[in-house]
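Residues per chain, in single letters:
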Amino acid sequence: MSAKVLAFINFKGGVGKTACAVNIAATMAKLHDKKVLIVDLDPQSNSSLWLMRPDVWREHVAKGRRSTFEIFDDAIQGKDRFNFDESVVKGVTTWTGFVELPQLHLLPASVELLRIEDRIHELRPPALYRILDRALKDYVDRYDYVFFDCPPNLYTTTKNAIFLSDSCVVPYVPDYLSLSGFQ
């Protein structure tokens, strides 16, 4: 059986992409015993900070290492530093240090993702939109579900998530501004 891959997207921020991704992933892991990977693609790193203590997150992704930034940076620089097994955080750990959700894994983001769009133009399609696919293809089927928590835009990282996904989830708040982001 292959993983079901979903991208949580919307052009607008503050509509619940991260809340939906994290809560659905936690529910699938805890109540349905599914193995779930959240891939945080947002430089704000909200999924990462929701699922990791801030001090542990800062240490884990120092200088962009062991984060989704490294995937894109490797593609731009023609390097191969990203190591999935070193980067993935296995199980959500509580503040006391106990693993609360062993079935829920996280590939964290770092703020360095902000720099990607300024440099990604050096690559050309179709390679430009296959960066995540190349980096994660050997690991996706370890999971029942893979959720991409995307930034509030439709730039390269989001397009990579859409390319690799089976479906997209587009949360929105039913007000004019959120609906305009949905359209």
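Refer to the preceding data block for the structure.
These figures come from a predicted structure and were not determined experimentally.

Rules used throughout
Residues numbered from 1 in each chain as written. Predicted model: local features only at pLDDT ≥ 70, side-chain atom pairs only at ≥ 80, totals over all residues. Heavy atoms only, no water. Helix = DSSP H or I, 4+ residues; strand = E, 2+ residues; numbered from the N terminus. Polar contact = N/O pair within 3.5 Å; in protein donor to acceptor, adjacent residues only side chain to side chain. Salt bridge = Lys/Arg side-chain N within 4 Å of Asp/Glu carboxyl O. Buried < 20%, exposed > 50% of the residue type's maximum accessible area, 1.4 Å probe, protein only. Phe/Tyr/Trp six-rings, centres within 6.5 Å; stacked < 30°, edge-to-face > 60°. Lys NZ or Arg CZ within 6 Å of the ring centre and 35° of its normal. Pairing = 2+ DSSP bridges. Contact = heavy atoms within 4.5 Å.

## Looking at the side chain of Ser110
Okay, step 1: Turning to its location among the elements, Ser110 is positioned in the loop between β4 (99–107) and α6 (116–119).
Okay, step 2: A distance of 2.9 Å separates the side chain of Ser110 from the side chain of Glu112, its partner in a polar contact.

## Some words on the pattern of salt bridges
Okay, step 1: A complete count under the given rule lists 8 salt bridges for this structure.
Okay, step 2: One salt bridge in this structure joins Arg65 and Glu70, with 2.4 Å as the shortest N-O distance.
Okay, step 3: Since its relative accessible area comes to 37%, Arg65 is described here as partly exposed.
Okay, step 4: Measuring nitrogen to oxygen at the nearest pair gives 2.5 Å for the salt bridge that ties Arg119 to Asp73. Of this pair, Arg119 sits in helix α6 while Asp73 sits in helix α4 (residues 68–77), and the two are 46 residues apart along the sequence.
Okay, step 5: Of the residues examined, Asp73 reaches a relative accessible area of 4% and is grouped as buried.
Okay, step 6: Three or more residues joined by partner-sharing salt bridges are found here, namely Asp73, Asp74, Arg81 and Arg119.

## So, the packing of aromatic side chains
Okay, step 1: Scanning all chains against the criterion turns up 3 aromatic pairs.
Okay, step 2: Aromatic side chains Phe8 and Phe147 sit 5.2 Å apart centroid to centroid with 65° between the ring planes, which places their arrangement in the edge-to-face category. You can see Phe8 sitting in strand β1 (residues 4–8) and its partner Phe147 sitting in strand β5 (residues 145–149), a full 139 residues away along the chain. Here Phe8 and Phe147 have matching classes, each one buried.
Okay, step 3: Judged by centre distance (4.3 Å) and plane angle (10°), the rings of Phe84 and Tyr139 are stacked. Of this pair, Phe84 sits in helix α5 (residues 84–87) while Tyr139 is found in the loop between α7 (131–136) and β5, placing the two residues 55 residues apart along the sequence.
Okay, step 4: Residue classification places Phe84 among the buried positions, given a relative accessible area of 1%.
Okay, step 5: Every member of this aromatic cluster is reached through a ring pair, and the members are Phe8, Tyr145 and Phe147.
Okay, step 6: A cation sits over an aromatic face here: Lys35 above Tyr143, 5.5 Å from the ring centre.

## Comments concerning the pairing of β1
Okay, step 1: For β1, the buried fraction is high: 4 of the 5 residues fall into the buried class.
Okay, step 2: In this structure, β1 lies alongside strand β6 (residues 167–169), joined through 3 bridges in parallel fashion. Paired with Phe8 across the two strands is Val169, which belongs to β6.

## Let's talk about the environment of Gly78
Okay, step 1: By the element assignment, Gly78 lies in the loop between α4 and α5.
Okay, step 2: Sequence spacing of Gly78 and Ala161 is 83 residues, and the spatial spacing of their C-alpha atoms is 20 Å.

## Quick look at the pairing of strand β2 (residues 36–40)
Okay, step 1: Judged by how many residues are buried, β2 sits mostly within the fold: 5 of 5 residues are covered.
Okay, step 2: Every second residue of β2 is oriented toward a common face, with Val36, Ile38 and Asp40 on one face and Leu37 and Val39 on the other, all of them buried.

## Details of helix α8 (residues 156–164)
Okay, step 1: When α8 is considered as a whole, its buried residues turn out to be Thr156, Thr157, Thr158, Asn160, Ala161 and Leu164.
Okay, step 2: Tucked into the core, α8 has its buried residues touching β1, α4, α6, α7 and β5.

## With respect to the side chain of Ser45
Okay, step 1: With respect to the helices, strands and loops of the structure, Ser45 is situated in the loop between β2 and α2 (46–51).
Okay, step 2: What makes Ser45 buried here is its relative accessible area of 0%.
Okay, step 3: At a separation of 3.2 Å, a polar atom in the side chain of Ser45 contacts the main-chain carbonyl oxygen of Pro43.
Okay, step 4: Apart from the residues within four sequence positions on either side, Ser45 is in contact with Asp40, Trp57, Ala109, Ser110 and Val111.

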